[in-house]
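Summary of the model geometry
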2 protein chains.
Amino acid sequence: MPSKPVNPDLQKERSTATFNTREFSVLWAGGEERFKEKKALEKMFLEDPALQDDLPISYLSHKELYEHSLRKACIIGEKIRKLRADGEDGVDTYNALLGGSLGAAILKEGNPLALHYVMFVPTIMGQGTMDQQVEWLSKAWDCEIIGTYAQTELGHGTFLRGLETRADYDASTQEFLINTPSLSAYKWWPGGLGHTANHAVVVAQLYTKGEFRGLAPFIVQLRDSDTHRPMPGIDIGDIGTKLGMKGVNNGYLGLKNVRVPLNNMLMKNQQVLPDGTYVAPKNSVLTYGTMMFVRCALIRDTAQSLAKASTIATRYSAVRRQSPIDPNQPEPQIMDHTTQQLKLFPQIARAIVFKTTGDGIWNMYNVISGEIEQGNLDRLPEMHALSCCLKAICSADAAAGVEMCRLSCGGHGYMDCSNFPTIYGMTTAVCTYEGENTVMLLQTARYLVKVYGQALNGEKLVPTVSYINDAINQTKFVNFDGTLTSIVKAFQFVAANKTRIAYEQIELRRKQGHGTEVAANLCGTFLTAAADLHGRAFLAQTAYTELLALSREVSPELAEVLKVVLELYLVDACLNRIGDFLRFIDLTDQDVTKLEVRLENCLKRLRPNAVSLVDSFDLHDRVLDSALGAYDGNVYEHIFESTKKNPLNKEPVNGAFHKYLKPFMKAHL
Amino acid sequence: MPSKPVNPDLQKERSTATFNTREFSVLWAGGEERFKEKKALEKMFLEDPALQDDLPISYLSHKELYEHSLRKACIIGEKIRKLRADGEDGVDTYNALLGGSLGAAILKEGNPLALHYVMFVPTIMGQGTMDQQVEWLSKAWDCEIIGTYAQTELGHGTFLRGLETRADYDASTQEFLINTPSLSAYKWWPGGLGHTANHAVVVAQLYTKGEFRGLAPFIVQLRDSDTHRPMPGIDIGDIGTKLGMKGVNNGYLGLKNVRVPLNNMLMKNQQVLPDGTYVAPKNSVLTYGTMMFVRCALIRDTAQSLAKASTIATRYSAVRRQSPIDPNQPEPQIMDHTTQQLKLFPQIARAIVFKTTGDGIWNMYNVISGEIEQGNLDRLPEMHALSCCLKAICSADAAAGVEMCRLSCGGHGYMDCSNFPTIYGMTTAVCTYEGENTVMLLQTARYLVKVYGQALNGEKLVPTVSYINDAINQTKFVNFDGTLTSIVKAFQFVAANKTRIAYEQIELRRKQGHGTEVAANLCGTFLTAAADLHGRAFLAQTAYTELLALSREVSPELAEVLKVVLELYLVDACLNRIGDFLRFIDLTDQDVTKLEVRLENCLKRLRPNAVSLVDSFDLHDRVLDSALGAYDGNVYEHIFESTKKNPLNKEPVNGAFHKYLKPFMKAHL
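Just so it is clear, the model here is predicted, and its values are computed rather than measured.

Criteria and thresholds
- Residues numbered from 1 in each chain as written.
- Chains lettered and ligands numbered in written order.
- Predicted model: local features only at pLDDT ≥ 70, side-chain atom pairs only at ≥ 80, totals over all residues.
- Heavy atoms only, no water.
- Pairing = 2+ DSSP bridges.
- Helix = DSSP H or I, 4+ residues; strand = E, 2+ residues; numbered from the N terminus.
- Axes fitted to C-alpha atoms, helices over the stretch in contact; angles between N-to-C directions.
- Left-handed = near helix turned anticlockwise from the far one by under 90°.
- Contact = heavy atoms within 4.5 Å.
- Salt bridge = Lys/Arg side-chain N within 4 Å of Asp/Glu carboxyl O.
- Buried < 20%, exposed > 50% of the residue type's maximum accessible area, 1.4 Å probe, protein only.
- Buried area = accessible area lost by both parts, 1.4 Å probe.
- Polar contact = N/O pair within 3.5 Å; in protein donor to acceptor, adjacent residues only side chain to side chain.
- Nonpolar A, V, L, I, M, F, W, Y, C, P; charged D, E, K, R; others polar.
- UniProt positions renumbered as here; feature names shortened; annotations may be inferred.
- pLDDT = per-residue confidence, 0-100.
- Arc of directions from axis to C-beta.
- Disulfide = S-S within 2.5 Å.

Our next topic: the sheet that holds strand β7 (residues 234-238) of chain B. All names here are of chain B. If you trace the three strands from one edge of the open sheet to the other, you get β4-β8-β7, paired in antiparallel fashion. Strand pairing shows two members of the sheet lacking a second neighbour, β4 (187-188) and β7, which therefore form its edges. In terms of strand pairing, β4 meets strand β8 (residues 251-255) through two bridges, oriented antiparallel. Among the inter-strand pairings, W188 is bridged to a residue of β8, identified as Y252.

So this is what it looks like as structure tokens:
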């Protein structure tokens, strides 16, 4: 990878690592074969000159960025066609190209065609009848039509039943009339909707024979296939600049008496017959499946964000020197400051734990969705509850972690050439989309309170909440001896008690005369706190189980490092919730100090391998796209090179001097 | 202010307020006279058509934004000239126009001329001799020359002694030779340096007669007065795009054998005589004064950021409806969700407390700097320690609070038309500039550990740390009865114990054989935690004293509201550090639950006045610049209007369709 000599400080870090980074890189990629596939894809996409940027995109205006993004999106689309023709278009490839790190290396502010591949096509596959799939899929796969998925509205997001867009069936013409009856009903946010897609799946409230039937999806043509002009009744455009995802062409859509044929309603789950008779879906839980799928995938994305940010900040911290520890010594690598270690190393540990948990819950999802397809819905609520709170916790922690990494790089982290602003923009978005985090935590909490009541009635709970059974029979946590097992057990004990309190507080308010729902709203902050601890207990448990299992499969050197990562993760997680631990478990001031000293010790033990750990994430320089984080560590040179691309610096004197500044300065002369 | 009918939900909130918002607005502005001045300045600046934007600046490229910013900066400069001619250019006016809310309303991404007024001119005033002031000041005031202040370097920030730029005195020509001897020595970051300023105060390591003398400031001409071309030996430009402050024209500067006359060294504090003899400064502490001054001012800025963000989010939360609390009822205003209240109301309370503390510490600064000028340095270390940790805490809390407000607005907060991304960019920058926050906390901690040792030796400490004396004589905190006084006292007890632990841990490591400095570095996380609690104890104490004092001066209705704000602030602050409280004070699980229920109760009591409280901050719609936060609350209309300004929406079909998308879609036909 390196084109220039590697910075000597960084080189030294690498030469003193105690484990083999390639071994960990292969593990991280998911095995030798996946590792090789990853490298091949990187070669195919990142070495294509048509996909390089001469000018960093932060210098483009919004309009220029869209045009730039669409150009590259079409090149990627062409390559996907080729991969498809060669039978090499697996799910992993799509993930890497459209949502993953490879996609971010090419279009770091997002791809205006992404929703076509990840939402439009899958929705037709999942909700279209066989006939509808025949009609639409080949056109969609070949990109003769480009689609998006239009659900959220200007005035309506998470609460789907609140959507206003309506579809009225007209049996006389066998068409639906689709309307956004008010400004707040305008579809808002879909990627690619602005100027890119010519079709969309539009979700609307269905009415047939004058009766309301619930939500249904409709394929609507938005733009003329040839001229790309909006179809009659379609008011459409780009919603404007944003904190991140700046190239996605998020759009708005108003519909006024837009007529679509009967067969444009996707009818796999529910049907409207030509005379307007409505046939309800057999099973409404199926939609949960997709949501869980997406949320599980997001957990892995958050790990990737943390991996990127911690790689940049760790390499920078090995190169940057500042503030002598001993006034008689030269300035040290800033990574030698304990305070800096506490900013960076927990993010590295979290990246590894979130990845491991993401993989684990992915497997769990596959098992459970297999059961669901067999008609066994037993574990659906448990899985739903878990995916909700993990999505919320991992996205919030990842966003905070990215910012911590940025801030740890001082002023230089504030420059776009560090790439932190873009990584943050992409990461924090996950806190809001696919279910806003607070809503997610409340959904988990609703489940927890319910099973808490069951446990009080003596019922035995399913695996991921069975710790509540244990805690109910245990008024005191006795064996906190500081071992990792006891930290994990303590997390579960604390989580159970947070759920107990939420349960008790709701009961109390019910006794005070409030209805259940109002009582739950009053206790909202108790509920979100309980869900937070449930997720963290699961993360602690999974980190413990999975990382120990992994360390039995790898070389002793890597195993040793993974154990330090695990200990750091658990001790740090515990100290971050020490208020809850002290509330429910008898710990003294000295016990807490011991944990704090142990954290310091973990940081010290991780220090020699910090650079090699982030090297193991094996993120291509193009993926990092950071002057601070390049593999060669020539930080100042890369920063300086970036100024040479700045269009402002192409002329020694900017025109605004003559136009505005000179007249102002000479006004009194 | 309203041009359209006010949204009825918002109108209802206003009509049910229990206090008079104008009374609070006047208080917030600093009295009736200041309130009127503020309104007059707003009229003069915000109603000038030349200072309006037709196109939101988020749609401009970096280069366009610079040119736009310079144009407006010159108009502002012209108005400042006029105010100066009329004798109306007080410090408050400069603050409002260059750093404050009015400046942000005109140039929300910063002013490339700001450093000329707030750093270049004051540095000449503070560090130039009388003769030098005569020579430079009138030119600078008249803007015949435009300056900036160049201190930090590409490789060197907070640790000033590490700067590499050097000035060698050549007695034969009576000139200094100024050089940046390496890439890492390049000056980096100064606002306006890129293409705007033609002069700078350059801070360099001074050498005379071959000997090193320490840092000194030099006035260096950067660009030709007429052509604006860089002077010989000057390598200069714009550092590139950033997370925020995008219009500031931050620049870089390399100097190669640049000769400046002897008299260009600012010599008020130290002198170089023509033969090269060096006369050292009498008092090196004087530079602390400026730093303290700036940090105290920053505390007020953080209050302003929180005021802006909480105004936007609170108004939006009164208008937005989502997710029924009771499934049989319509969707409520999202402000009725307790979880939403917990996101918003603590930010409102923090804005008020930070403002009050900022005013308080400003007065304290004035008293102490008066003492310093009299030669009495007794309270300098205390004041320095306090200004450091408060700068760190207030900026970190404000940045987190702004993000919390943004996230509380769901997806719409992510759009630039909400203005949250810009507010965040400006606010989070404060965490890094004028002393990076961790470095700030370590400086405070160094002081705390020192006075802790003194207290152990029986010395009586100065006022702001005298709580350490109390705590040393008190092994147990006995009277935690939940009253506000006891929360304040408990904060101090906890803070004293955090300092005790830091002190003990350093001692322990010294006994293990480490030198003091290495021991302190190992204990870095103990130290920053102690400084954090010291600042929070001071904030709690100040909030208590000042808000109670205020509530005795105002109407009973407003007094009642201020008391709720105070209680909310203290209970929330306590729960946010509950781990520390439980560690040092005997509190039961039930005690904590009581505090949590009390927090819920405070939220409920603040709810009816939330909108009127933020209305009282009296932020002009141009200052807020937010589709979500406008006074009239027509949220969806404003968002939709913003899309009409988007250049992408000026044409129904973007050119990129014909160029890229159509050929891609038709490739197989």
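Moving on, we come to the packing of helix α18 (residues 556-576) of chain B against helix α20 (residues 589-606) of chain B. Residues and elements named next belong to chain B. Where α18 contacts α20, the two axes come as close as 9 Å, and the packing angle between them is 145 degrees. For the pair α18 and α20, the sense of crossing is left-handed. Of α20, the residues touching α18 (which contributes V564, V565, E567, L568, V571, D572, C574 and L575) are V592, L595, E596, R598, L599, C602, L603, R605 and L606.

This brings us to the pattern of salt bridges. A side chain of one charge can pair with a side chain of the opposite charge if their charged atoms are brought near each other. A full pass over the atoms with the stated rule returns 83 salt bridges over all chains. Notably, a salt bridge pairs E567 of chain A with R598 of chain A, separated by 2.9 Å at the nearest N-O pair. With E567 of chain A in helix α18 (residues 556-576) and R598 of chain A in helix α20 (residues 589-606), this residue pair connects regions lying 31 residues apart in the sequence. A relative accessible area of 22% means that R598 of chain A is categorised as partly exposed. The partner of K108 of chain B in a salt bridge is D625 of chain B, and the shortest N-O contact between them spans 2.9 Å. Here the residue K108 of chain B occupies a position in the loop between α6 (101-106) and α7 (114-127), and D625 of chain B occupies one in the loop between α22 (621-624) and α23 (635-645), the gap between them amounting to 517 residues. You can call D625 of chain B partly exposed: its relative accessible area is 37%. Because the salt bridges share partners, they merge into one network encompassing R500, E504 and R583 of chain A together with D589 and E596 of chain B.

This part takes up the interface of chain B and chain A. Frequently, the measure chosen for interface size is the accessible area that the parts lose on association. Each partner contributes to the interface: chain B provides 140 residues, whereas chain A provides 140 residues. Between chain B and chain A, roughly 11,800 Å² of surface is buried when both sides are summed, and carbon and sulfur atoms account for 61% of that area. Of all residues in chain B, Y414, R583 and F664 of chain B bury the most surface against chain A, accounting for 7% of the area lost on that side. Applying the counting criterion to the chain B and chain A interface returns 14 salt bridges. Among the ionic pairs, D589 of chain B bridges to R583 of chain A, the shortest N-O distance being 3.1 Å. The interface formed by chain B and chain A contains 66 residue pairs in polar contact (both at pLDDT 80 or more). By residue number, the principal contributor to the side of chain B that touches chain A is helix α4 (residues 62-85) of chain B, which donates 10 residues. Here the residues of the side of chain B that touches chain A sort into 58 nonpolar, 46 polar and 36 charged.

Turning next to the UniProt feature "active site" (unreviewed entry) in chain A. Residue and element names in this part refer to chain A. With numbering aligned to this structure, UniProt lists the feature "active site" (unreviewed entry) at E434. One can find E434 in the loop between α12 (420-429) and α13 (437-456). Residue E434 is classed as partly exposed on the basis of its relative accessible area, which comes to 32%. The contacts of E434, once residues within four sequence positions are left out, are V294, R295, L298, K391 and M440.

Per-residue pLDDT for chain A has a mean of 95; in total, 99% of the residues score no lower than 70. Predicted complex, confidence summary: ipTM 0.97, pTM 0.97.

Glancing now at helix α1 (residues 8-15) of chain A. Residue and element names in this part refer to chain A. Within α1 the residues assigned to the buried category are D9, L10, E13 and R14. Projected down its long axis, α1 shows its buried positions confined to an angular sector of 140 degrees, all on one face. Exposed side of α1, more than 90 degrees from the buried face: P8, K12 and S15 are the residues found there. Two or three places before D9, at the start of α1, stands the capping residue N7, its side-chain oxygen 2.8 Å from that residue's backbone nitrogen.

All names here are of chain B. Counted by the stated rule, this structure contains zero disulfides over all chains. In this structure C409 is not part of a disulfide, and its nearest cysteine sulfur, from C405, lies 7.2 Å away. You can call C409 buried: its relative accessible area is 2%. In this model C602 remains outside any disulfide bridge; the closest cysteine sulfur is found in C574, 11 Å from its own.

So, about the UniProt feature "binding site: FAD" (unreviewed entry) in chain A. All names here are of chain A. Mapped onto the present numbering, the UniProt feature "binding site: FAD" (unreviewed entry) falls on T152 and G191. Look at the named residues: they lie 40 residues apart in sequence, but the longest C-alpha span between them is just 11.4 Å, so in the fold they bunch up. Secondary-structure assignment places T152 in the loop between β1 (147-150) and β2 (166-170). Relative accessible area serves as the criterion here: at 26%, T152 is assigned to the partly exposed category. With residues up to four places along the chain from it excluded, the contact list for T152 reads G157, L163, Y186, K187, W188 and W189. A polar atom in the side chain of T152 sits 2.8 Å from the backbone oxygen of W188. Within the secondary structure, G191 sits in the loop between β4 (187-188) and β5 (199-208). Residue class for G191 comes out buried when judged on its relative accessible area of 6%. Apart from residues no more than four positions distant in its own chain, G191 is found in contact with P112, L115, T148, V248, N249 and N250.

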